[in-house]
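Below, each chain spelled out in residue letters.
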Amino acid sequence: MFTMTLKSDPAKIEKDGRFTAEELNALLRRLCLETGFKESAPGKYYLDDCEDELGRMVVLFARMDKNKYVVPLLSEWISCSDDEGSENLLQFWIHKRGEN
């Protein structure tokens, strides 16, 4: 099973000023649900075993890329799959984008 945890960073959100924590969390939830993820708890998402993990993640990455201001406001973005184990997607994103 593929699972994913996203946590917003209140200090970054306040400094940025575009969103409240609640608004950003609602946007993250919408992006994940519209991409086909299911929510198990606030900030925790999963895909059923029959879902294409790679395909869903490509779509989610594209949606996050389109909304460039979202990922820098996260404190955690971790995925875990039976095949790949645990991945720190926030570090991957920062490295990919050259962001801090």
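For the structure, check the block above.
Conventions adopted
Residues numbered from 1 in each chain as written. Predicted model: local features only at pLDDT ≥ 70, side-chain atom pairs only at ≥ 80, totals over all residues. Heavy atoms only, no water. Helix = DSSP H or I, 4+ residues; strand = E, 2+ residues; numbered from the N terminus. Buried < 20%, exposed > 50% of the residue type's maximum accessible area, 1.4 Å probe, protein only. Lys, Arg positive; Asp, Glu negative; His and termini not counted. Salt bridge = Lys/Arg side-chain N within 4 Å of Asp/Glu carboxyl O. Polar contact = N/O pair within 3.5 Å; in protein donor to acceptor, adjacent residues only side chain to side chain. Contact = heavy atoms within 4.5 Å. Pairing = 2+ DSSP bridges. Phe/Tyr/Trp six-rings, centres within 6.5 Å; stacked < 30°, edge-to-face > 60°.

> Any chance you could break down the side chain of Asp 9 for me, citing the residues and the numbers?
Tracing the backbone shows Asp 9 in the loop between strand S1 (2–8) and helix H1 (10–16). For Asp 9, which is buried and forms no salt bridge, the nearest opposite charge comes from Lys 12, at a distance of 4.2 Å. Separated by 3.0 Å, the side chain of Asp 9 and the backbone nitrogen of Ala 11 make a polar contact. Those residues within four positions of Asp 9 in sequence are excluded, and the remaining contacts are Leu 73, Leu 74 and Ser 75.

> How would you summarise the pairing of strand S2 (residues 38–41) if you had to cite specific residues and measurements?
Where S2 meets strand S3 (residues 44–47), 3 bridges bridge the pair, whose relative direction is antiparallel. Residue pairing for S3: Lys 38 is matched across the bridge by Tyr 46. Taking the residues between adjacent antiparallel strands as the criterion, S2 and S3 are bridged by 2 residues, where Gly 43 takes a positive phi near 80 degrees.

> Hey, could you go over the packing of aromatic side chains for me, with residue numbers and the actual values?
Scanning the model with the defined rule gives 6 aromatic pairs in all. Geometrically, the ring pair formed by Phe 61 and Phe 92 is edge-to-face, given 5.7 Å between the ring centres and 65 degrees between the ring planes. Linking Phe 61 in helix H3 (residues 53–66) with Phe 92 in helix H4 (residues 89–97), this pair joins segments that are 31 residues apart in sequence. Take Phe 61: its relative accessible area is 15%, and that puts it in the buried class. By relative accessible area, which is 44% here, Phe 92 ends up partly exposed.

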